[in-house]
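Each chain, written out:
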Amino acid sequence: MDNETYTHTTDSPSDVISVPHGLEDTQIQEWLESLDSVLESSGPEVAAEILERLRAHATVAGIDLPFSANTPYANTIPARLEPLFPGDQELERRIKSLIRWNALAMVVRANRVEHNIGGHISTYASAATLYEVGFNHFFRGRSEEFEGDTVYFQGHAAPGMYARAFLEGRISPQKLENFRRELKPGGGLSSYPHPWLMPDFWEYPTVSMGLSPLMAIYQARFNRYLEDRGLKPVTDAKVWAFLGDGETDEPESLGAITLASREKLDNLIFVVNCNLQRLDGPVRGNGQIIQELESAFRGARWNVIKVLWGSEWDPILERDTEGLLVKRMGELVDGEYQKLVVSSGAYVREHFFGSDPRLLALVEPLPDEALRRLRLGGHDPRKVYAAYKAAVDHRGGPTVILARTIKGYGLGEAGEGKNVTHQQKKLNEDELKEFRSRFGIPLNDNDCVEVPFYRPAEDSIELQYLRARREALGGYTPKRSVRSKALVADHDELFREFFDGSEGREVSTTMAFVGMLRKMLKDPEIGKLVVPIVPDEARTFGMESLFRTVGIYSSVGQKYEPVDVNTLLYYKEAKDGQILEEGITEAGSMASFIAAGSAYATHGINTIPFFIYYSMFGFQRIADFIWAAADMRTRGFLLGGTSGRTTLSGEGLQHQDGNSHVLALSVPNLYAYDPAFAYEIAVILQDGIRRMYKDGESIFYYITVMNEPYAMPAMPGDVKDGILKGMYRYKKAANPKSKLRAQLFGSGAILNEVLRAQEILDTKYGVSADVWSVTSYKALYNDGNEVERLNRLHPGDKPRVPYVSQCLADAPGVLVAASDYLKTLPNMISKWMPRRLASLGTDGFGRSEGRASQRDFFEVDSRFITLATLHELYSDGKIERSVVDKAIKELGINPDKSNPVIS
Ligand SMILES: Cc1ncc(C[n+]2csc(CCOP(=O)(O)OP(=O)(O)O)c2C)c(N)n1
Ligand SMILES: [Mg+2]
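About the cut-offs
Residues numbered from 1 in each chain as written. Chains lettered and ligands numbered in written order. Predicted model: local features only at pLDDT ≥ 70, side-chain atom pairs only at ≥ 80, totals over all residues. Heavy atoms only, no water. Patch = residues over 30% accessible without salt bridge, like charges linked within 9 Å, V, L, I, M, F, W, Y side chains within 5 Å. Areas by Shrake-Rupley, 256 points an atom, 1.4 Å probe, with all protein chains shown as cover. Salt bridge = Lys/Arg side-chain N within 4 Å of Asp/Glu carboxyl O. Lys, Arg positive; Asp, Glu negative; His and termini not counted. Charge placed at Lys NZ, Arg CZ, Asp CG, Glu CD. Helix = DSSP H or I, 4+ residues; strand = E, 2+ residues; numbered from the N terminus. Pairing = 2+ DSSP bridges. Axes fitted to C-alpha atoms, helices over the stretch in contact; angles between N-to-C directions. Contact = heavy atoms within 4.5 Å. Buried < 20%, exposed > 50% of the residue type's maximum accessible area, 1.4 Å probe, protein only. Polar contact = N/O pair within 3.5 Å; in protein donor to acceptor, adjacent residues only side chain to side chain. pLDDT = per-residue confidence, 0-100. Donors = N, O, S within 2.8 Å, 3.2 Å for Na, K, Ca; no water. Core = buried A, V, L, I, M, F, W, Y, C linked by side-chain atoms within 4.5 Å. Expected span 1.5 Å × (residues − 1). Bend = angle between axes of the 7 residues up to and from the residue. Phe/Tyr/Trp six-rings, centres within 6.5 Å; stacked < 30°, edge-to-face > 60°. Near = heavy atom within 4 Å. Nonpolar A, V, L, I, M, F, W, Y, C, P; charged D, E, K, R; others polar. Parallel < 35°, antiparallel > 145°, perpendicular 65-115°, else oblique. Left-handed = near helix turned anticlockwise from the far one by under 90°.

**Considerations on a negative patch on the surface**
Step number 1: On the surface, Glu429, Asp430, Glu434, Asp447 and Glu450 cluster together to form a negatively charged patch.
Step number 2: It is helix α19 (residues 429-438) that contributes the most residues to the negative patch, three residues altogether.
Step number 3: With respect to the secondary-structure elements, glutamate 450 resides in the loop between α20 (445-448) and α21 (461-472).

What follows is the structure, encoded as structure tokens:
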């Protein structure tokens, strides 16, 4: 081996080129010709095999072939392998043009009526062909016989979906008129896909960019889970996700793509609309977003189909026997392309083909006009159809289609390919007329400038065709409906045992919950519907026994003997495993939660997800997914484990959660509970299952559970109503006649500190206190606000009384609340209390410490609760200051300690 010829040395970069002297063009030509002949005689598979062997041979010979996951800047499917386009192309073009017009009209009209109401024209303008080929040939509707395909529509393309539904007769002109003005009489249309706002239409919220690609991956995987567990029949239904190329910069967008290939999700298709632009300007002005995405997806073993060039390029490519054109195509950066594709033919000739006389010769016969009309692949239905067909037929893994388009296609001077196009909402008269003429909309000049909606006659061939296509594909889409049947049982038996307490045994609320989960998994009605979801925290929450009993879902079963096979609770993976063990991804787990919690609509199956995670890594990290879940009417239970700032000992400020219940306030249809005892959890779960799966309410739950063990008491009488409403008196004052009285409020594990304070106050200071368990500040807050507004709106009615006020109507004494969360929680309900409230909480950064030290640090332990109570009594003139002074000493409190909020 002669090293000199092709070995590189690091200190001499020019050697890297390492082209042996004397390599002639003819040598290359010979290799290319011999490959061509293999291709012709034996086909692409044999040719690929030879190349693969050559690569291996070269590696063994020490040739350093740089890794590249890229293919040339060309269509993946060559013209000769394109299938026949099965539709009526001309008719489909006309239908598409009408949709383009109406989509534009709804945005322009809305902004004429209300300046700055917004809306997007250019996103759909670039994606129209991508959607229309899907609507006419691929997206199957949901019907009794077939579950249908799932489509995540790009949020900003919503006007196009509305415009189509208008042609389909599914959306009235009035609704179209009220785009983005939903509160108008007769209703309107939501800006983006929001199932909360349009529950009969949209299925998946997509407009917070980056969420839907990740949700789509987990949806496709969940569909397989349902099949592998025998909960739904095996079908070839697909999950399509349409995204923007700019959107792929969101870390969530590509964050789970290896899961899709690992799980061989050939039921998943991504379509990335590569218009090379985002909101401000080019996605990669100085690079090539398509090549970047190709290498990322190919590296993750996806099937990548590039749809870059339209049919007009095919004859030119055919003339290019030397591969110069494809090479040239790969040379331009996106910033150059952005300009090129909206430039005149003469410009294209000079700046693109003009780089090499041989390229110029290729287009010599073509007039400038023909060069201007060279379409991009994403605007050519034949190319798009070929890509979709290949994607649908592909087996063994997911497919991504990278389709090149022009942002604002057809807008001409009004914004085609311009950096400002994303924000374009108004067109002047000339621009409107030009758009009308370009797409052949049958409106005269006078009518056109009024931008009316246009719908051809019911019996027009356009509408007949459109309807026939949808009929053949199983009905309209998007369309949302609840298809599951309500549960019937009330599950009294299931939960009753947890009302009895642990008979002195010390258990945590987490352990209590896991006990309930285990029981639910065995229930004849809901057992199979329960979907436990963990992000690599099952052991943290003592759930490892479930590994063995219900198994961890794996689409391939278990190909290895687990290292702990001889133990009772070995790590059992199974094809029909029930647990979704997602690994360390709260976002992915949440996406599974959403898929499982919306299966009642998507699949007509009442799966009940229980996603249990480190509470600090929930709302704080993936709040936007939780918001999307709420929008999507997802049902199920989020369990914030290891919760409570001072209850999780040792872990320090990143782990210790005193925030999530405050963050949970913001999600309107989420019920948030901070229970202290097992029976409280049982009551909440039972009622939650009833409300969501029997009564069909579009709500979900957040329940925090802790890891501090203590004896679980039996339910003290019938307090179910209070637990659900947010508070109930747990323990009455020992001496209600006492002159010194107090009402103490505690939540979660801090309730025990409150109970200890009750005892200290009674025995040491003669203060008799009632203790209340506050299970949900959020519920109390919502109730108080609702009562206030009803009273305000109906001043003539007998004033309603907030639940908090009802509870405390006859409760004497000072008021003190303590929780493991921010002080704002009790403070926000204090206005409905009969008197001033003293609040203790955990505002500030947690410490790596034990529980006792932290509760001292945050001033939420029984001593501080005692002190707060005494101080309130002193403020009311009920006791002397000396009592408080003495108590500070007796309780061992350092009055000069640092303020936890700022230290
Ligand atoms: C998480 C998030 N951040 C920002 C936005 C605001 N936004 C809406 S569209 C857009 C640009 C979209 O570009 P791209 O994904 O390329 O889609 P295109 O319209 O070009 O098809 C931005 C920044 C958003 N909707 N969501
Ligand atoms: Mg874009």
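**Quick look at the sheet that holds strand β3 (residues 268-274)**
Step number 1: The strand order across the open sheet formed by five strands is β1-β2-β3-β5-β4, and the pairing between neighbours is parallel. Each edge of the open sheet carries a strand with a single partner, namely β1 (150-152) and β4 (303-307). For this sheet, the mean inter-axis angle between neighbouring strands, taken without regard to orientation, is 15°.
Step number 2: With six bridges joining them, strand β2 (residues 239-244) and β3 adopt parallel strand pairing. Pairing of valine 239 across the sheet is with leucine 268, part of β3.
Step number 3: In this fold helix α18 (residues 381-393) packs onto β2, β3, β4 and β5 (399-404), with an angle of close to 175° to the strand it touches most, β4.

**Quick look at the sheet that holds strand β19 (residues 814-818)**
Two strands in a sheet stick together by hydrogen bonds in their backbones, pointing the same way (parallel) or opposite ways (antiparallel).
Step number 1: Spatial strand order, β16-β18-β17-β19-β20: five strands in an open sheet with mixed pairing. With partners counted over all chains shown, the strands left at the sheet margins are β16 (727-731) and β20 (837-840), one partner each. Across the sheet, the mean angle from the axis of one strand to that of its neighbour is 25°, orientation sign disregarded.
Step number 2: Pairing geometry for strand β17 (residues 741-746) and strand β18 (residues 768-774), over six bridges, is parallel. Along β18, the bridge assignment pairs phenylalanine 745 with tryptophan 772.
Step number 3: The strands that helix α31 (residues 750-765) touches are β16, β17, β18 and β19; relative to β18, the one it contacts most, it runs at about 175°.

**Details of the environment of serine 589**
Step number 1: With respect to the helices, strands and loops of the structure, serine 589 is situated in helix α25 (residues 586-597).
Step number 2: Exposure remark for serine 589: the relative accessible area of 0% places this residue in the buried category.
Step number 3: Beyond its immediate sequence surroundings of up to four residues, serine 589 is in contact with Ile533, Val534, Pro535, Glu582 and Phe611.
Step number 4: A distance of 2.7 Å separates the side chain of serine 589 from the backbone oxygen of threonine 585, its partner in a polar contact.

**Some thoughts on the confidence of the model for the protein**
Step number 1: Of all residues in the protein, 98% have pLDDT values of 70 or greater, and the mean over the chain is 95.
Step number 2: Under a pLDDT of 50 for its full length, residues 1-19 has, in the predicted model, twelve contacts with residues more than four places off or in other chains.

**Section: the coordination of the magnesium ion (ligand 2)**
Step number 1: Those donors, Asp245 (OD), Asn275 (OD1) and Gln277 (O), are the protein atoms that reach the magnesium ion (ligand 2), and they lie 2.0 to 2.2 Å from it.
Step number 2: Sequence positions of the residues that donate to the magnesium ion (ligand 2) give the spacing D-x29-N-x1-Q. Judged on exposure class, the residue asparagine 275 and its partner glutamine 277 are both buried.

**Examining the nonpolar core**
The nonpolar side chains of a soluble globular protein tend to be buried, and buried together.
Step number 1: Membership of the largest hydrophobic core comes to 246 residues, with the highest contact counts inside it found for Tyr162, Ile217, Trp302 and Met520.
Step number 2: Sorting elements by how many residues they give to this core places helix α4 (residues 89-113) first, with twelve residues.
Step number 3: Among all residues touching isoleucine 217, those that are not within four sequence positions of it are Ala256, Ile257, Leu259, Ala260, Leu265, Leu268, Phe270 and Trp302.
Step number 4: Counting residues in each nonpolar core, the second largest holds 20 residues, with Ala811, Tyr821, Met833 and Leu837 among its members.

**So, the pairing of β3**
Step number 1: Most of β3 is tucked away, with seven of its seven residues classed as buried.
Step number 2: Burial along β3 is two-sided: the face carrying Leu268, Phe270, Val272 and Cys274 and the face carrying Ile269, Val271 and Asn273 are both buried.
Step number 3: Relative to β5, β3 runs parallel, the two being bridged by six bridges. When the sheet's bridge partners are listed, valine 272 is paired in β5 with leucine 402.

**Thoughts on the environment of glycine 187**
Step number 1: Residue placement: glycine 187 occurs in the loop between α7 (173-177) and α8 (211-228).
Step number 2: Not counting the four nearest positions on each side in its chain, glycine 187 is found in contact with Lys175, Asn178, Arg181 and Glu182.

**Looking at the pairing of β2**
Step number 1: By the criterion of burial, β2 is predominantly enclosed, with six of the six residues buried.
Step number 2: Every second residue of β2 is oriented toward a common face, with Val239, Ala241 and Leu243 on one face and Trp240, Phe242 and Gly244 on the other, all of them buried.
Step number 3: Relative to β2, β1 is paired through three bridges, and the arrangement is parallel. Opposite threonine 150, over in β2, you have valine 239 as the bridge partner.

**Some details on helix α27 (residues 619-631)**
An α-helical turn contains 3.6 residues, so any two residues separated by three or four positions project in the same direction.
Step number 1: Across its 13 residues, α27 extends only 15 Å between first and last C-alpha, which sits more than 12% below the 18 Å expected from 1.5 Å per residue.
Step number 2: For α27, the principal kink sits at phenylalanine 625 and spans about 35°.
Step number 3: Those residues of α27 not exposed but buried are Phe619, Ile622, Phe625, Ile626, Ala628, Ala629, Ala630 and Asp631.
Step number 4: In the stretch just after α27, arginine 633 is the one whose phi turns positive, near 65°.

**Some thoughts on the pattern of salt bridges**
Step number 1: All told, the structure shown has 57 salt bridges when counted by the stated rule.
Step number 2: With its nearest N and O atoms 3.0 Å apart, the salt bridge here joins glutamate 497 to lysine 519. Of the two residues, glutamate 497 sits in the loop between α22 (492-496) and β6 (506-507) while lysine 519 sits in helix α23 (residues 509-522), which places them 22 residues apart along the sequence.
Step number 3: One salt bridge in this structure joins arginine 863 and aspartate 856, with 2.6 Å as the shortest N-O distance.
Step number 4: With relative accessibility at 18%, the residue arginine 863 sits in the buried group.
Step number 5: For aspartate 856, a relative accessible area of 28% corresponds to the partly exposed category.

**Re the packing of aromatic side chains**
Step number 1: Applying the stated rule across the entire model yields 51 aromatic pairs.
Step number 2: Taking the centre distance of 4.8 Å and the plane angle of 55° together, the rings of phenylalanine 270 and tryptophan 302 count as tilted. Of this pair, phenylalanine 270 sits in strand β3 while tryptophan 302 sits in the loop between α11 (289-299) and β4, placing them 32 residues apart in sequence.
Step number 3: Here phenylalanine 270 falls in the buried class, since its relative accessible area comes to 0%.

**Here we look at the site of ligand 1**
Step number 1: In the neighbourhood of ligand 1, 18 residues make up the surrounding shell, with Thr123, His156, Asp245, Gly246 and Lys407 lying closest.
Step number 2: Contact distances for ligand 1 include 3.0 Å between a nitrogen atom and a backbone N or O atom of valine 207.
Step number 3: Here ligand 1 has 590 Å² of accessible area as a free molecule, and 77% of this is covered by the chains.
Step number 4: Its residues assigned to classes, the shell around ligand 1 comprises three nonpolar, ten polar and five charged.

**Quick notes on the side chain of histidine 603**
Step number 1: Tracing the chain through its elements places histidine 603 in the loop between α26 (599-602) and β11 (608-614).
Step number 2: Residue classification places histidine 603 among the buried positions, given a relative accessible area of 12%.
Step number 3: Reaching out from histidine 603, the side chain makes a polar contact with the side chain of glutamate 147 at a distance of 3.0 Å.

**Examining the packing of helix α36 (residues 862-875) against helix α37 (residues 881-890)**
Two quantities define a packed helix pair, namely the angle between the helix axes and the distance between the axes.
Step number 1: The interhelical angle for the contact between α36 and α37, taken along N-to-C directions, is 165°, at an axis separation of 9 Å. Relative to α37, the element α36 lies roughly antiparallel. Taken as a pair, α36 and α37 cross one another with a handedness that is left-handed. Along the contact surface, α36 presents Leu867, Leu870, His871 and Tyr874, while α37 presents Arg881, Val884, Ala887 and Ile888.
Step number 2: Classifying every residue of the contact of α36 with α37 gives six nonpolar, one polar and one charged.

**Quick word on unusual backbone geometry**
Step number 1: For the bond running from threonine 477 to proline 478, omega is 0°, close enough to zero to count as cis.
Step number 2: When you line up the elements, proline 478 lands in the loop between α21 and α22.
Step number 3: The phi angle at histidine 491 is positive, at roughly 60°, despite the residue not being glycine.
Step number 4: On the secondary structure map, histidine 491 appears in the loop between α21 and α22.
Step number 5: Under the relative-accessibility criterion, histidine 491 is labelled buried at 7%.
Step number 6: In this model, threonine 642 sits at a positive phi of 45°, which is unusual for a non-glycine residue.
Step number 7: Among the secondary structure elements, threonine 642 is positioned in the loop between β12 (637-641) and α28 (660-663).

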